[in-house]
Amino acid sequence: MLAKASEITIGGKVTDNKGQSLIGVNIVVKGTTVGTTTDENGGFSLKVGNQDQVLVFSFVGFQTKEVELKNQTRLEVVLLESDKTLEEIVVVGYGTQKKRDLTGAVAQISATRLENENPASVQDILRGNIAGLNVGYSTSAKPASSLQVRGSNSLNANGDPLIVLDGIIYYGQLLDINPNDIQTIDVLKDASSAAVYGAKAANGVILITTKSGQSGKAMITLNTNTGITTLAHDQPLYNANDFLYFRADVQRSMNANQNPLKYTNPNALPSSMPLKDWLALDGATGDPTTTWLNRLNLSQVEIDNYKAGRTIDWYRKVFQQGVQQDYNVSVSGKNDDISYYISMGYMDNQGIVVGDRYRTFRSRLNLDARIAKFLKIGINTQFSSRDDGYVPMTWSNMVNASPWGSEFDDKGNQRLSPQDDQIALNPALAKAYTNRLSINNTLISTIYSVVTLPFGITYQANFSPRLELYRYFNHQSADSPQWAQAGGYAQREQLDIYSWQIDNLFKWKRTFGKSHDLDITFLANMEKYQSWQNRIENSGFDPSDQLGFHNIGTGRNPIVTSNDEYGTADALMGRLFYSFKSRYMLTLSLRRDGYSAFGQKNPRATFPAAALGWVISDEKFFNSSWLNYLKLRFSYGFNGNRDIGRYVAISDLVAGKYLHVSPTGTLKQVSMLYVNRMSNENLQWEKKSSLNIGVDFSMLRNRISGSIETYTMTSTNLLVQRSLPDVTGFKTVWANLGEIRNRGIELNLTSVNINTPLVTWKSTLNVSMNRNKIISLYGDRQNILDSQGKVIGTREPNDITNKWFIGQPLDVIWDIKILGVYQKNEAEMAQKYGVKPGDFKLQDVNNDGKYTDADRQFLGYTEPRFRWTLRNEFRLFRRFDLSFMMYSYWGHKGSFNTAKNQNGYMDRVNAYMQPYWTAENPINDYARLSSSDGSASYSVYRDRSFVRLENISVAYNLPATLFGRLGLKNAKAYFSVRNVAVYSREWSFWDPENSAPTPRTATLGINVSL
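In this text, all values refer to a predicted model and were calculated from it rather than measured experimentally.

## Re the overall build of the protein chain
Phase 1: Of regular secondary structure, the protein chain possesses 12 helices and 48 strands.
Phase 2: For the protein chain, the spread of C-alpha atoms along the principal axes amounts to about 110 × 85 × 75 Å.
Phase 3: For the protein chain, the proportion of contacts with a sequence separation of at least 24, taken over those separated by at least 6, is 67%.
Phase 4: Roughly 47,000 Å² of accessible area belongs to the protein chain as shown, and the carbon and sulfur atoms make up 54% of that amount.
Phase 5: Averaging the locations of the 108 positively and 95 negatively charged side chains of the protein chain gives two centres separated by 5 Å.

Spelled out as structure tokens, the structure:
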């Protein structure tokens, strides 16, 4: 009663700076959980213990405000709007900008936001989190996958985006970058933002910024986790008993004119078929079981094992439950003169296939020191060592291996084939008889200095050397029945790469009269690449290959090759950014590149770009109660693609040997030289022009924010390896031909659904669509004829061989349309095309009784028509963090030839369990066992659309009172599951994203800071 009597009631109203009432503002007594929210009029009432309390007012889209009571019982509180997201710093080429000042299409993801999900690679951070960025899916222990920004832009040239690490162009592997070291990743998607990288930016740019020291005392961070990886989706094979029924149906399908009971187990014959009559079907005598198994085409080892009751479950032998471990420690700190971040990490991953393993050690040093008021120096160094020399079992061989076969022979050695049939190799063979070492050591550094010059100009010099040492030693033992005849095989390969870059950067940033902001950047760059590669192979080791690659000289068939490469490049770049009142923005850039790989007439190219930005919501005429911020962006520019071989523009001489018979009849070996490649002195950069229009917005007091991007990109002078007629003496030549256009739209939405002291809930939605089209190929023309054969015009021909068609996307499916499966009552029609009931029925477009290219149609696309990602993040009771992310690819098709139920040898192998047509089961979407294509050449296609629940993570943050006693700054435990589930509308063979077995990984870890 005394406590109640001492409480004081505080009331008041909360408004914005325009006097409008704010509904739902969170009000809490600082340091407690006592609180309330404002009503529909902005009013509130709250009981507090005494007048010395401090009230904290927080609301989405507004700055948090603390108010001391100081004997007040009535408060009038005004909250100011907050533009935190607009004030965020975004990394752009050779610098940074506030998000508000951006004029190009730039997206950012914070790696620390995803640390509870335990990303194993850079690709795991990016997957599904950036609209317009497509990330592949790794199925092995090695977490490597592909990246693509805004669709395919080229026919033959490399389509990977450019990677920039801490401001320096990065030519190493993404696997060498520890995701625990990453602070943010920015993706430059349009020509204007990427144009400062010129000849390397046609496929987009990904900027990775690693962590640096933070102000305060030195901090030690330990992040360790372990996980279990299992097979996410089963695609079972026939087990031992079902295998026999399957093989019986194969024989019935292949021998439709035979009595179907001929292949029935003699112990399960119907009363209408006496055993004597059953044996007489082919004049068999002796043991009925042996006769039956011979009719099923089982080998002797299979028959022996059947009678002995010995079986093998190849599915269980090939797949395993793998263990994954990841240990990381870092030390960081910062004061007025020095900032440092040091880290080391070790990862050891086992995959879902027995023998699949990947190990890596990664370390980093980021050091920045102020030597004088005008001088700062620093170094960013990364060392990594990758070990991926482990040989897994060949999981694809398990489908052929018989469950009645034997893995070992009588001496305990691995058999070549479980059923003594060389089309069915032992899945364990390669793992058992291969000794492999594959080590890649990489050291990449950037040494820099920053000098402050008069008039606010800064000069920065970067020197970035890269050293990569690759060793691949491989021995395939003569003990293997597969390689015994060759006397074993061994290989040693060494590749050393040394490259460097030098950047000279001048920057000038100044504000005039509080309204005019100017930011100017100039760059002079040069780079050099050099590599040395040696390869030695040998076979036929005598007397023994026991030393393998350690004594490779004892083989009888040595092959020695080498390949050294050298390349140089340089660039000049200038960029100007101007802003008036942070309302009107202009960005202009120009870059000129030179590269030694192009023809002598075109060693250089120029790439200009321009962009405009207009914050409409800052205009006086803009007056909206629900739309807080509105900005329009427009950009246009050019980028280039130089990713081809370093010597493809010039001819080369190749040395060889041939046997010459002299007039006397003597046979001798003669050396020769010949020109292997046609030169092209006109070869030049692939060029991409890009138009991007973007809108940034926030509404409902920043509760919902996002952006919409629409773009058109046209790639010209495509780098194409064009076929040549034999009369030229060459098969192909690299040339600049063709044109491809990409168009698309991207949507990013972020919403704050709940924001209370105890519960917060945020959602992010990304949607992207991309459409490409071939505008031109080789520039040739062919006549267009009317029905009488008269020429009525010309057109550019399609490339039928590569299935490239003018006016169609690169990924269009051009094939014969499947109408279903021939049924028993359609036997006569099937016979016309050389097939039978149970085979696929195809559409004969011109009804000429045969299948040719004239019958092929456009049936769909192999790339998704649109993609979406939804991420939800929760903070519960100030201790628990929960998040889940799902993504979807929709509207595309994939080759599904497994529906044909044919591999050429179905009467000799096992198969995946799936439907098949029989007269008793007349389905219309799967063919009969060992079906026939007749004279046609075609593929079956199925819808590949899917939705994947990619990640669920939960973290618990220990209370400050607890880890304070332990001397910790913070501590948390986390649990995550990756690749939780996948739904596909029609696809039913392994994973719809890659048609292969994919892992599901559950991880438990702790993150502690001292």
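## Some words on the environment of Ser776
Phase 1: By the secondary structure assignment, Ser776 is in strand 35 (residues 759–776).
Phase 2: Sequence spacing of Ser776 and Ile740 is 36 residues, and the spatial spacing of their C-alpha atoms is 7.1 Å.
Phase 3: Once residues within four sequence positions are removed from consideration, Ser776 is found in contact with Gly738, Glu739, Glu796 and Ile806.

## Comments concerning the sheet that holds strand 4 (residues 43–48)
Phase 1: Pairing in this open sheet of three strands is mixed, and the strands run 4-1-7 from one edge to the other. The sheet is open, and its two edges are formed by strand 4 and strand 7 (74–79), each paired on a single side. Each neighbouring strand pair of the sheet contributes to a mean axis angle of 30°, computed without reference to strand direction.

## Focus on the pairing of strand 38 (residues 812–816)
Phase 1: Judged by how many residues are buried, strand 38 sits mostly within the fold: five of five residues are covered.
Phase 2: Here five bridges tie strand 38 to strand 41 (residues 856–861), and the two strands are oriented antiparallel to one another. Looking at the pairing, Trp814 lines up with Phe858 of strand 41.

## Observations regarding helix 8 (residues 300–308)
Phase 1: Those residues of helix 8 that sit buried are Val301, Glu302, Ile303 and Asn305.
Phase 2: Looking at the residues trailing helix 8, positive phi occurs at Gly309, about 75°.

## Here we look at the packing of helix 7 (residues 288–295) against helix 8
Two quantities define a packed helix pair, namely the angle between the axes and the distance from one axis to the other.
Phase 1: Contact geometry for helix 7 and helix 8: axes closest at 10 Å, N-to-C directions at 135°. Classed by the angle they form, the pair helix 7 and helix 8 counts as oblique. Considering how the two elements wind past one another, helix 7 and helix 8 form a crossing that is right-handed. Contacts between helix 7 and helix 8 involve Thr289, Thr290, Trp292, Leu293 and Asn294 from the first element and Ile303, Tyr306 and Lys307 from the second.
Phase 2: Of the residues contributing to the contact of helix 7 with helix 8, the split by class is four nonpolar, three polar and one charged.

## Some words on the pattern of salt bridges
Phase 1: In this structure the tally under the stated criterion is 48 salt bridges.
Phase 2: A salt bridge links Arg701 to Asp16; its shortest N-O distance comes to 3.8 Å. Pair noted here: Arg701 is in the loop between strand 32 (686–699) and strand 33 (704–723) and Asp16 is in strand 1 (residues 8–16), with a separation of 685 residues, a long-range link.
Phase 3: Take Arg701: its relative accessible area is 21%, and that puts it in the partly exposed class.
Phase 4: The partner of Glu66 in a salt bridge is Lys30, with the nearest N and O atoms 3.2 Å apart. Highlighted residues: Glu66 in strand 6 (residues 65–68) and Lys30 in the loop between strand 2 (26–29) and strand 3 (35–37), separated in sequence by 36 residues.
Phase 5: The class for Glu66 is partly exposed, based on a relative accessible area of 48%.
Phase 6: Because the salt bridges share partners, they merge into one network encompassing Arg150, Lys189 and Glu746.

## Some remarks on the domain arrangement of the protein chain
Phase 1: When cut into domains, the protein chain gives domain 1 (8–78), domain 2 (240–267 + 274–310), domain 3 (781–811) and domain 4 (812–861 + 917–939).
Phase 2: One C-alpha centre belongs to domain 3, the other to domain 4; they are set 27 Å apart.
Phase 3: Tallying the contact residues gives seven residues for domain 3 and seven residues for domain 4.
Phase 4: Area buried by domain 3 at its contact with domain 4 is led by Lys803, Phe805 and Asp811, which between them contribute 61% of it.
Phase 5: Where domain 3 packs against domain 4, one counts zero salt bridges.
Phase 6: Linking domain 3 to domain 4 there are two residue pairs in polar contact (both at pLDDT 80 or more).
Phase 7: For the side of domain 3 that touches domain 4, the residue count by class is four nonpolar, one polar and two charged.

## Some words on the sheet that holds strand 14 (residues 168–170)
Phase 1: Taken in spatial order, the five strands make up an open sheet running 10-15-16-13-14, and their pairing is mixed. Two strands lie at the open edges of the sheet, namely strand 10 (106–110) and strand 14, each paired on one side alone. Mean inter-strand twist for the sheet, computed between neighbouring axes without regard to direction, equals 25°.
Phase 2: As paired strands, strand 13 (residues 162–165) and strand 14 are joined by three bridges and run antiparallel to one another. Within the sheet, the bridge partner assigned to Ile163 lies in strand 14 and is Tyr170.

## A short note on the nonpolar core
Phase 1: Formed by 36 residues in total, the largest nonpolar core has its most connected members in Phe319, Met398, Phe840 and Trp990.
Phase 2: Looking at this core, the elements with two or more residues in it are helix 9 (314–318) and strand 40 (840–842).
Phase 3: Among the elements that take part in this core, helix 9 stands out by supplying three residues, more than any other.
Phase 4: Setting aside anything within four residues of it in sequence, one finds Phe840 in contact with Ile818, Gly820, Val821, Tyr822, Ala899, Lys900, Asp925, Tyr926, Ala927, Tyr938 and Val940.
Phase 5: Leu133, Leu147, Val149 and Ile208 belong to the second-largest nonpolar core, a separate cluster that totals 23 residues.

## What about the UniProt feature "domain: TonB-dependent receptor plug" (unreviewed entry) in the protein chain?
Phase 1: Sites flagged by UniProt as "domain: TonB-dependent receptor plug" (unreviewed entry) map to residues 98–205.
Phase 2: The span residues 98–205 is 8% helix and 25% strand, and its two end C-alpha atoms sit 18 Å from each other.

## Notes on helix 7
Phase 1: Most of helix 7 sits inside the fold, with seven of its eight residues counted as buried.
Phase 2: Along its buried surface, helix 7 packs onto helix 5 (240–254), helix 6 (275–280) and helix 8.
Phase 3: Once helix 7 ends, the next one or two residues include Asn297, with phi positive near 65°.

## Overview of the pairing of strand 9 (residues 95–98)
Remember that side chains alternate between the two faces of the sheet whenever the strand is regular.
Phase 1: Side chains Gly95 and Gln97 project from strand 9 onto a buried face, and the interleaved Thr96 and Lys98 project onto a face without burial.
Phase 2: Two strands pair when backbone bridges link them, and strand 8 (residues 89–92) and strand 9 are joined in this way by four bridges, in the antiparallel orientation. Counterpart to Ile89 in the pairing with strand 9 is Lys98.

## Notes on the packing of aromatic side chains
Phase 1: Using the criterion set out here, one finds 29 aromatic pairs in the structure.
Phase 2: With centroids separated by 4.9 Å and ring planes inclined at 45°, the aromatic side chains of Phe880 and Tyr956 adopt a geometry described as tilted. One end of the pair, Phe880, is in strand 43 (residues 880–890); the other, Tyr956, is in strand 46 (residues 946–957), with 76 residues separating them in the sequence.
Phase 3: Feature note: the residues Tyr315, Phe319, Trp395, Tyr912, Phe989 and Trp990 constitute an aromatic cluster, connected by ring pairs.
Phase 4: In this structure, Arg492 packs its charged tip against the face of Phe473, placed 4.0 Å from the ring centre.
Phase 5: Stacked on the ring of Tyr889, the Lys or Arg Arg867 has its end atom at 4.5 Å from the ring centre.

The rules behind the values
- Residues numbered from 1 in each chain as written.
- Predicted model: local features only at pLDDT ≥ 70, side-chain atom pairs only at ≥ 80, totals over all residues.
- Heavy atoms only, no water.
- Helix = DSSP H or I, 4+ residues; strand = E, 2+ residues; numbered from the N terminus.
- Contact = heavy atoms within 4.5 Å.
- Areas by Shrake-Rupley, 256 points an atom, 1.4 Å probe, with all protein chains shown as cover.
- Lys, Arg positive; Asp, Glu negative; His and termini not counted.
- Charge placed at Lys NZ, Arg CZ, Asp CG, Glu CD.
- Pairing = 2+ DSSP bridges.
- Axes fitted to C-alpha atoms, helices over the stretch in contact; angles between N-to-C directions.
- Buried < 20%, exposed > 50% of the residue type's maximum accessible area, 1.4 Å probe, protein only.
- Parallel < 35°, antiparallel > 145°, perpendicular 65-115°, else oblique.
- Left-handed = near helix turned anticlockwise from the far one by under 90°.
- Nonpolar A, V, L, I, M, F, W, Y, C, P; charged D, E, K, R; others polar.
- Salt bridge = Lys/Arg side-chain N within 4 Å of Asp/Glu carboxyl O.
- Domains from an automatic or database assignment.
- Buried area = accessible area lost by both parts, 1.4 Å probe.
- Polar contact = N/O pair within 3.5 Å; in protein donor to acceptor, adjacent residues only side chain to side chain.
- Core = buried A, V, L, I, M, F, W, Y, C linked by side-chain atoms within 4.5 Å.
- UniProt positions renumbered as here; feature names shortened; annotations may be inferred.
- Phe/Tyr/Trp six-rings, centres within 6.5 Å; stacked < 30°, edge-to-face > 60°.
- Lys NZ or Arg CZ within 6 Å of the ring centre and 35° of its normal.

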